[in-house]
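What the coordinates show
The lines below spell out each chain.
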Amino acid sequence: MTTTPAQAPGELVFAAPRRAKPPRHLADLDPAARRAALAELGEKPFRAAQLSRHYFANLVDDPAAMTDLPAGNRTELAAAMLPTLLTPVRELTCDAGTTVKTLWRLFDGALVESVLMRYPNRITMCVSSQAGCGMNCPFCATGQAGLTRNMSAGEIVEQVVAGARMLRRGQVAGGPGRVSNVVFMGMGEPLANYRAVLSAVRRLTDPSPDGLGLSQRSITVSTVGLVPAIDKLAAEGLNVTLAVSLHAPDDELRDTLVPVNTRWKVAEVLDAAWSYAATTKRRISIEYALIRDINDQAWRADLLGRLLRGRLVHVNLIPLNPTSGSKWTASRPGDERAFVETLEQHSVPVTVRDTRGREIDGACGQLAADPEQLVTAAEPVG
Ligand code: SAH
């Protein structure tokens, strides 16, 4: 008899190209699997807890500092369980040092980016879940080069741990701090890399020192609307926030702005979102990039208001961020105001998202992990 491994819905439909796997890392494994991995290495299982504490609680990256491990094989243990997954290629900062975008090289040369954003009352890490993206939204820089590969849970978690280390060490303007929120809004479609993303969410939210100990509610998974994967996520018993990148209230326009809409229509995506809200009691975020004369007309604002009114929802309007080669631009201020007012008339909560990181191509839709940046970028971190 042959069996096929269980696959998550998003992965069935949008399988990433097969490639060599990133090295196995502690952050790929739950605590039981960590103990098993150490036993396989001929080590005492309790070393798993020691390594977890170093990684998730102490944020140590130098094996020499892991003094509770036997001096003779510290380096080998660290190499086996905490291999280097991300190598920083370039850091760019703006907003007086409170926004930091990092370009990372993965083990196979693939490039991804993450963005740390410090606000007065929270610190958010925006992480990538895939190198590139297969969703092909024409206004988003990441989509233009297509999908390179899925990232592993360890590669996803390590972006947050790297931010946490910088903050712990006081390397971000504003003094020492902690990551409070994680948004899966960097490169990639998280629900097309379902298993690794879910595993990463568990590592981020498992209590310290098994995980980073973030609250589930402070994690946001953003999706173009892969309906079967939204349903599956709802059934996980997690309280993570779901964001849906809607960008148009009508199928005709959404088919062009978010091409996966040809498969799952606006009504199906919103139904899945409302079920998610009913199951998790979490407010759904609707992301809507305002694009001048494309999706910002009064009638579209009204249609959006009618679709969303009375629901557990919040709309984030994002003034379109410029991307190279795109002919589109952000809405006129008057049209943006009118859009907000129309939604408010429908009693739909709405905010206009700030354009954090725009000068360093670190804002929504601008992450391209473009090596050209190495030459053109201003102001590397000192
Ligand atoms: N693939 C997921 C995760 C990416 S989140 C998703 O699409 O939800 C990045 C967010 O920024 C998405 O809402 C995306 O649609 C939006 N975005 C993409 N390009 C943009 C641009 N040029 N200006 C403003 N927002 C953009």
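Residues numbered from 1 in each chain as written. Predicted model: local features only at pLDDT ≥ 70, side-chain atom pairs only at ≥ 80, totals over all residues. Heavy atoms only, no water.

Some points on the sheet that holds strand S10 (residues 284-290)
So the rule is basically this: For two strands to be treated as a pair, DSSP must find no fewer than two bridges joining them. The secondary structure listing takes helices from DSSP runs of H or I that are at least 4 residues long and strands from runs of E that are at least 2 residues long, numbered from the N terminus. To get an axis, fit a line to the C-alpha atoms, keeping to the stretch in contact for a helix; angles then go from 0 to 180 degrees between the N-to-C directions. Note on contacts: a residue pair qualifies if any of its non-hydrogen atoms lie within 4.5 Å across the two residues.
Sheet architecture is open: 10 strands sit in the order S1-S2-S3-S4-S7-S8-S9-S10-S11-S12, paired in mixed fashion. At either margin of the open sheet sits one strand with a lone partner, and together these are strand S1 (87-94) and strand S12 (350-352). Going across the sheet, the axis of each strand differs from the next one's by a mean of 20°, ignoring polarity. In this structure, strand S8 (residues 219-223) lies alongside strand S9 (residues 241-245), joined through 4 bridges in parallel fashion. Bridging across to S9, valine 221 finds its partner in leucine 242. Together, strand S7 (181-184) and S8 form the strand contacts of helix H7 (residues 194-205), whose direction differs from that of S7 by roughly 175°.

Digging into the environment of tyrosine 55
The following threshold applies: Whether a residue is buried, partly exposed or exposed follows from its accessible area with a 1.4 Å probe, protein chains only, as a fraction of its type maximum: under 20%, in between, or over 50%, in that order. Residues adjacent in sequence count toward polar contacts only when both atoms are side-chain atoms; beyond that, a polar contact is any pair of N or O atoms within 3.5 Å, and within protein one must be able to donate a hydrogen and the other to accept it.
Assignment of secondary structure puts tyrosine 55 in helix H3 (residues 47-57). The buried category is assigned to tyrosine 55, whose relative accessible area is 1%. It is 25 Å that separates the C-alpha atoms of tyrosine 55 and asparagine 121, two residues lying 66 residues apart in sequence. The residues contacting tyrosine 55, other than those within four sequence positions of it, are His25, Leu26, Ala27, Leu82, Val157, Glu158, Val161 and Arg165. A polar side-chain atom of tyrosine 55 sits 2.5 Å from a polar atom in the side chain of glutamate 158.

Quick look at the nonpolar core
Worth spelling out the cut-off: Residues belong to a common nonpolar core when they are buried Ala, Val, Leu, Ile, Met, Phe, Trp, Tyr or Cys residues joined through side-chain atoms within 4.5 Å. Marked domain ranges trace back to an automatic or database domain assignment.
Formed by 116 residues in total, the largest nonpolar core has its most connected members in Val182, Phe184, Leu204, Leu226, Ile284, Ile286 and Leu308. When residues of this core are assigned to their parent elements, the largest contribution, 9 residues, is made by helix H6 (residues 153-168). Mapping this core onto the domain boundaries places at least three of its residues in each of domain 1 (24-81) and domain 2 (126-152 + 179-356). Every residue in contact with phenylalanine 184, bar those within four places of it in the chain, is listed here: Val127, Ser129, Ile156, Pro190, Val197, Ala200, Val201, Leu204, Ile219, Thr220, Val221 and Ser222.

Some points on H6
An α-helical turn contains 3.6 residues, so any two residues separated by three or four positions project in the same direction. Selection rule: A helix is expected to span 1.5 Å for every residue after the first.
With 16 residues, H6 extends 22 Å between its outermost C-alpha atoms, agreeing within 8% with the 22 Å of an ideal straight helix rising 1.5 Å per residue. The buried fraction of H6 amounts to 15 of the 16 residues, a majority that puts the element mostly inside the structure. Just past H6, the residue glycine 170 takes up positive phi, approximately 70°.

Details of the site of the ligand
Note the threshold: We call a residue near a molecule or strand as soon as one heavy atom of that residue lies within 4 Å of the molecule or strand. Residues are grouped as follows: Ala, Val, Leu, Ile, Met, Phe, Trp, Tyr, Cys and Pro are nonpolar; Asp, Glu, Lys and Arg are charged; all remaining types, including Gly, are polar.
Near the ligand there are 21 residues, and of these Phe139, Ser222, Ser245, His247 and Asn321 occur at the shortest range. The set of elements that each furnish at least two residues to the shell around the ligand consists of S8 and S10. Its residues assigned to classes, the shell around the ligand comprises 10 nonpolar, 9 polar and 2 charged.

Considering the pairing of strand S2 (residues 99-105)
Of all 7 residues making up S2, 6 are buried, and the element is well covered by its neighbours. When S1 meets S2, the two strands line up antiparallel, connected through 7 bridges. Bridge assignment links glutamate 91 to a residue of S2, and that residue is threonine 102. Following S1, the chain reverses through 4 residues before pairing antiparallel with S2; aspartate 95 in that reversal takes a positive phi of roughly 50°. Sheet topology places S2 next to strand S3 (residues 111-118); 7 bridges connect them, and they run antiparallel. For valine 100, the partnering residue across the bridge sits in S3 and is leucine 116.

Quick notes on the confidence of the model for the chain
Under the convention used in this document: pLDDT expresses how confident the predictor is about each individual residue, on a scale running from 0 to 100.
The predicted model of the chain has a mean per-residue pLDDT of 92, with 92% of residues at 70 or higher. Here residues 1-7 is modelled with pLDDT under 50, and outside its nearest four sequence neighbours on either side it reaches 3 contacts, counting other chains as well. The low-confidence segment residues 374-382, where pLDDT is below 50, has 16 contacts with residues more than four positions distant or belonging to other chains.

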